[in-house]
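# Coordinate analysis (summary)
Okay, here's what each chain looks like letter by letter:
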Amino acid sequence: MSIIVMKFGGTSVADIDCIKNVANKVAAQYKKNKKIIVVVSAMSGTTNNLIDLTRQVSKVSNSPEYDVVVSSGEQVTAGLLSIALNSQEIPSRSFMGWQIPVLTDNTFSKANIAEISIDVLMQSLNRNEIAVIPGFQGVTDENQITTLGRGGSDTSAVAIASALNAKRCDIYTDVDGIYTADPRMVPKAKKLDKISYEEMLEMASQGAKVLQTRSVALAMKYKLKIKVLSSFENKEGTLVLHEDEIMEKKNVSGIAFSLDEAKLTVIGIPDKPGQASILFKSLGLKAINVDMIAQSSSANKSATDLSFTVPKNELEEAINTIKSVQKKIGFKSIISDRDVAKISVIGIGMKTQAGVAQKMFDILAEKNINLKVISTSEIKISVLIEAAYMELAARSLHTAFELDES
Ligand code: ASP
Ligand code: MG
């Protein structure tokens, strides 16, 4: 019998009634298929509260003790769900990350999973128990608790499913699947039956918040099917799978947008080899993710300006980091802009069809929206615009690329 991993997000376990609802869903699945592993998030809002508590003591967020505090929300929901299952006479017990163990590196607050031992979980399955695992947490080989970054319980679930060679990882959330765009911003968005790993990866990293980006990359690597579905409604959901299993490859399958990035411009970088390397290496050492990059030559030609985006919540740290290499690089100044939005159009059909970028730029030009930075990949075009135009841009592009619900 094949194993299914069921993962429940924060809104699905938001209070005791929700946890009882989850227990019923898990129990129903257990009656069909005994081989189930459950991964849970913390109750919605809990992780934010825990982070806030640490901030009241210290601003440092990448210390081991920060992870001790922040990982605790998931322990509570894992225990509560097991209690709820046991009270229905269903054998279940919880296993914390360190008890399995889910081994990670020591990048506290955004650790990477290195290895998951399956012995403890296989024994639990063989006892016909339902193992409930708190997502988001792991342990280093020096026995320190770690967390996997915001939204990391998706990655826990996918990693555990891959390690166990599960048939599928079902991610239960508060939406009933993946949409062509976030329906709260684009009311005409449509639910997709299927989406390829690559598209989902772009959607997730460009701002669609349903799945943590790393979870999608991991699923793609191990060819593990993910199903995204609602905890509250009995609807089909969306399958995330290999593009070969999708017949109709659209030019544009979805539009993503995000206000999570800020733009930095480093002005007057002496124009010689190795400068970008020093700059981005310094950010990389602090684990600050750089996304869009554009370089232009300054008026005096011997220097260049470099613009790029970083997560808004890491802007200050990014500025300080870059200032620390100012002498080495010899740039003049640095300016930042928080008032930006990134809009991306995504589709695997772009691999073979030209003209998508042109169409995107035409539509934004018609609406008089200025482009600050552009970046592309094989299946994605992203532009950075003034934040105030995000909704207009998203809706116009959604209509123009024929994604609207008819
Ligand atoms: N509780 C963690 C967070 O809020 C992890 C998760 O829910 O995936 O980021
Ligand atoms: Mg989540």
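A brief look at the structure comes next. No experiment lies behind these values; they were computed from the predicted model shown. Every chain is numbered on its own, with residues counted from 1 as its sequence reads. Labels follow written order: the first chain is A, the first ligand is 1, and so on. Reporting in this predicted model follows two pLDDT cut-offs: at least 70 for local features of residues, and 80 or more for side-chain atom pairs to be given and counted; totals over whole chains, interfaces and linings ignore these cut-offs and use all residues. Excluded from the side-chain calculation are hydrogens and water; included are all heavy atoms of the structure.

By size, the foremost hydrophobic cluster in this structure holds 37 residues, and its most contacted members are Ile37, Leu121 and Met200. In DSSP terms, a helix is any run of H or I states spanning at least four residues, a strand is any run of E spanning at least two, and both are numbered starting from the N terminus. When residues of this core are traced back to their parent elements, those giving at least two are strand E2 (36-40), helix H5 (119-126), strand E6 (130-134), helix H6 (153-163), strand E9 (168-173), helix H7 (197-205), helix H8 (213-222) and strand E11 (225-230). Broken down by element, this core gets its largest block of residues, five residues, from H6. For Ile37, the contacting residues outside a window of four places in its chain are Ile3, Ile4, Val5, Met6, Leu121, Leu125, Ala131, Ile133, Ile160 and Leu164. Core analysis: the second largest hydrophobic core is formed by 26 residues, Ala189, Val252, Ile343 and Leu397 among them. To form a nonpolar core, buried Ala, Val, Leu, Ile, Met, Phe, Trp, Tyr and Cys residues must be joined to one another through side-chain atoms within 4.5 Å. Three exposure classes are used, based on accessible area relative to the maximum for each residue type with a 1.4 Å probe and protein chains only: buried under 20%, partly exposed in between, and exposed over 50%. Residue contacts follow a heavy-atom distance rule, with two residues in contact if any of their heavy atoms lie within 4.5 Å.

Helix length check: helix H1 (residues 16-32) (17 residues) gives 25 Å between terminal C-alpha atoms against 24 Å at 1.5 Å per residue, within 8%. Tucked into the core, H1 has its buried residues touching strand E1 (4-8), E2, helix H4 (72-86), E6, E9 and E11. The backbone nitrogen of Asp17 has a side-chain oxygen 3.2 Å away, supplied by the residue at the start of H1, namely Asp15. Residue count minus one, scaled by 1.5 Å, sets the expected span of a helix. Polar contacts, as used here, are pairs of N or O atoms within 3.5 Å; protein pairs need one atom able to donate a hydrogen and one able to accept it. Residues neighboring in sequence count only if both atoms are side-chain atoms.

Right, let's talk about the site of ligand 1 for a bit. Ligand 1 sits among Ser41, Thr47, Glu74, Phe136, Arg150, Gly151, Gly152 and Ser153. Residue Arg150 places a side-chain N or O atom 2.8 Å away from an oxygen atom belonging to ligand 1. Computed on the free molecule, ligand 1 has an accessible area of 260 Å², of which 87% lies beneath the protein chains in the complex. Any residue with a heavy atom lying within 4 Å of a molecule or strand is counted as near it. Residue-level accessible areas treat just the shown protein chains as cover; the underlying method is Shrake-Rupley with a 1.4 Å probe.

When we look at burial in helix H13 (residues 390-400), the residues that qualify are Met390, Ala393, Ala394, Ser396, Leu397 and His398. A positive backbone phi angle near 55 degrees is found at Glu402, which sits one or two residues after H13.

Attention now goes to the pattern of salt bridges. For salt bridges, the criterion is a side-chain nitrogen of Lys or Arg within 4 Å of an Asp or Glu carboxyl oxygen. Going through the model one piece at a time under the given rule, you end up with 18 salt bridges. The closest approach of N and O atoms between Asp291 and Lys342, which form a salt bridge, is 2.6 Å. Of this pair, Asp291 sits in the loop between helix H9 (275-285) and strand E15 (293-297) while Lys342 sits in strand E18 (residues 340-346); the two residues are 51 residues apart in sequence, bridging distant segments of the chain. By sharing partners, the salt bridges in this structure join Asp176, Lys191, Glu233 and Lys235 into a single network.

Our next topic: the packing of H9 against helix H10 (residues 315-324). Orientation is described by axes fitted as lines to C-alpha atoms, over the contacting stretch for helices, and by angles from 0 to 180 degrees between their N-to-C directions. One can describe the packing of H9 onto H10 by two numbers: an axis separation of 9 Å at closest approach and a directional angle of 135 degrees. Considering the angle they form, H9 stands oblique to H10. Between H9 and H10 the crossing geometry is right-handed. Residues Leu279, Ser282 and Leu283 of H9 form the contact with H10, whose own contacting residues are Ala318, Thr321 and Ile322. Along the lines of polarity and charge, the residues of the contact of H9 with H10 split into four nonpolar, two polar and no charged. Oblique is the label for any angle not under 35 degrees, not over 145, and not in the 65 to 115 range, which are roughly parallel, roughly antiparallel and roughly perpendicular in turn. Crossing handedness: left-handed means the near helix sits turned counterclockwise from the far one by under a right angle, and right-handed means the same turn made clockwise. When residue character is reported, Ala, Val, Leu, Ile, Met, Phe, Trp, Tyr, Cys and Pro are called nonpolar, Asp, Glu, Lys and Arg charged, and the others, Gly included, polar.

Cis geometry marks the peptide bond from Ile100 to Pro101; its omega dihedral reads -15 degrees. Within the element layout of this structure, Pro101 appears in the loop between strand E3 (92-94) and strand E4 (102-104). At Lys223, a position not held by glycine, the phi torsion is positive, near 50 degrees. Residue placement: Lys223 occurs in the loop between H8 and E11.

Now for the packing of H6 against H8. Between H6 and H8, the least distance of the axes is 8 Å, while the angle of their chain directions is 15 degrees. The pairing of H6 with H8 is recorded here as roughly parallel in orientation. Note on packing geometry: the crossing formed by H6 with H8 is left-handed. Contacts between H6 and H8 involve Asp154, Thr155, Val158, Ala159 and Ser162 from the former and Arg214, Ser215, Leu218, Ala219 and Tyr222 from the latter. A class-by-class count of the residues in the contact of H6 with H8 yields five nonpolar, three polar and two charged.

This part covers the sheet that holds strand E14 (residues 261-270). Read from one edge of the open sheet, four strands run E15-E16-E14-E17, paired in antiparallel fashion. Bordering the open sheet on either side are E15 and strand E17 (333-337), each of which pairs with just one other strand. Neighbour-to-neighbour, the strand axes of this sheet turn through a mean angle of 20 degrees, independent of strand direction. Strand pairing follows a simple DSSP-based rule, namely that at least 2 bridges must link the two strands. Here E14 pairs with E17 via five bridges, running antiparallel. Of the residues in E17, the one forming a bridge with Ile267 is Ser333. Across the face of the sheet, H9 comes into contact with E14, E15 and strand E16 (303-311) while running at roughly 20 degrees to E16. Against the sheet, H10 makes contact with E14, E16 and E17, and its axis sits at roughly 10 degrees relative to E14, the strand it touches most.

Before going further, it helps to examine the side chain of Thr173. Considering the arrangement of structural elements, one finds Thr173 in strand E9. Among the residues examined, Thr173 registers a relative accessible area of 12% and is labelled buried. For Thr173, the contacting residues outside a window of four places in its chain are Ser12, Val210, Val228, Leu229, Ser230, Ser231 and Phe232.

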